[in-house]
Amino acid sequence: MAKRILEENGVPSCQIERAHRDWRVVNGRGTHLLVKLSSYQDKITVLKNARRALEDKSYYIIEDLTRADLQDKRRWNQKVQTLYQRGTKNKFTAGLWCGRDGTPY
């Protein structure tokens, strides 16, 4: 299943190191499929292509975050949404909200 999803996402030749379900049901949705790729570059390609490639699918791809990173991301989420509405785009990467040029915000 993981291989098929990655092929749909534009990365047909990536190496999967490990793939498994976590069997946790969240709000009546299906279980998560956790995939670890052997190549960091493949991971970046998958994350960049995910929204466009899967727009008509019932599932999505996200980067797994540590509990601390997820809490920090959620803490600043409202501020980031306000900035986005004003035209400033930020991205959460490596535990920090960063601007388009990669500098921490």
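Residues numbered from 1 in each chain as written. Predicted model: local features only at pLDDT ≥ 70, side-chain atom pairs only at ≥ 80, totals over all residues. Heavy atoms only, no water.

1. Notes on the overall build of the protein chain
- Helix and strand counts for the protein chain stand at 4 helices and 4 strands.
- Taken from N to C terminus, the helices and strands of the protein chain fall in the order α-β-β-α-α-α-β-β.
- Projecting the C-alpha coordinates of the protein chain onto the three principal axes gives extents of approximately 40 × 30 × 25 Å.
- Looking at the protein chain residue by residue over its 105 residues, the buried ones come to 20%.
- For the protein chain, contacts bridging at least 24 residues in sequence account for 30% of all contacts bridging at least 6.
- Put simply, the protein chain has 21 plus and 12 minus side-chain charges, and the middle of one group is 5 Å from the middle of the other. (Helix = DSSP H or I, 4+ residues; strand = E, 2+ residues; numbered from the N terminus. Buried < 20%, exposed > 50% of the residue type's maximum accessible area, 1.4 Å probe, protein only. Contact = heavy atoms within 4.5 Å. Lys, Arg positive; Asp, Glu negative; His and termini not counted. Charge placed at Lys NZ, Arg CZ, Asp CG, Glu CD.)

2. Re a nonpolar patch on the surface
- Where nonpolar side chains cluster on the molecular surface, the patch consists of Met 1, Leu 33 and Val 35 and spans about 240 Å² of accessible area.
- You can see Leu 33 is positioned in strand β2 (residues 33-37). (Patch = residues over 30% accessible without salt bridge, like charges linked within 9 Å, V, L, I, M, F, W, Y side chains within 5 Å. Areas by Shrake-Rupley, 256 points an atom, 1.4 Å probe, with all protein chains shown as cover. Salt bridge = Lys/Arg side-chain N within 4 Å of Asp/Glu carboxyl O.)

3. Some thoughts on the pattern of salt bridges
- If you walk through the whole model with that rule in mind, you get 2 salt bridges.
- Residue Lys 36 pairs with Glu 17 through a salt bridge whose shortest N-O separation is 3.4 Å. On the criterion of sequence distance, the pair formed by Lys 36 in strand β2 and Glu 17 in strand β1 (residues 16-21) is long-range, its members being 19 residues apart.
- The partner of Asp 72 in a salt bridge is Arg 75, with the nearest N and O atoms 2.6 Å apart. One end of the pair is Asp 72 and the other is Arg 75, both in helix α3 (residues 67-75) and 3 residues apart, which spans about a single turn.
- What makes Asp 72 partly exposed here is its relative accessible area of 21%.
- Residue classification places Arg 75 among the exposed positions, given a relative accessible area of 59%.

4. Topic: the side chain of Asn 90
- Relative to the helices and strands, Asn 90 is located in the loop between α4 (77-85) and β3 (91-93).
- For Asn 90, the residues in contact, after removing those within four places along its chain, are Val 80, Leu 83, Trp 97, Cys 98, Gly 99 and Tyr 105.

5. With respect to the environment of Lys 3
- For Lys 3, the location among the structural elements is in helix α1 (residues 2-8).
- Not counting residues within four places of it along the chain, the set of residues in contact with Lys 3 comprises Pro 12, Ser 13, Cys 14 and Ile 16.

6. Some details on the nonpolar core
- Grouped together as the largest cluster of nonpolar side chains are 5 residues: Leu 6, Val 11, Cys 14, Leu 37 and Val 46.
- In this structure, Val 11 is in contact with Leu 6, Asp 42, Thr 45 and Val 46, ignoring residues within four places of it in sequence. (Core = buried A, V, L, I, M, F, W, Y, C linked by side-chain atoms within 4.5 Å.)

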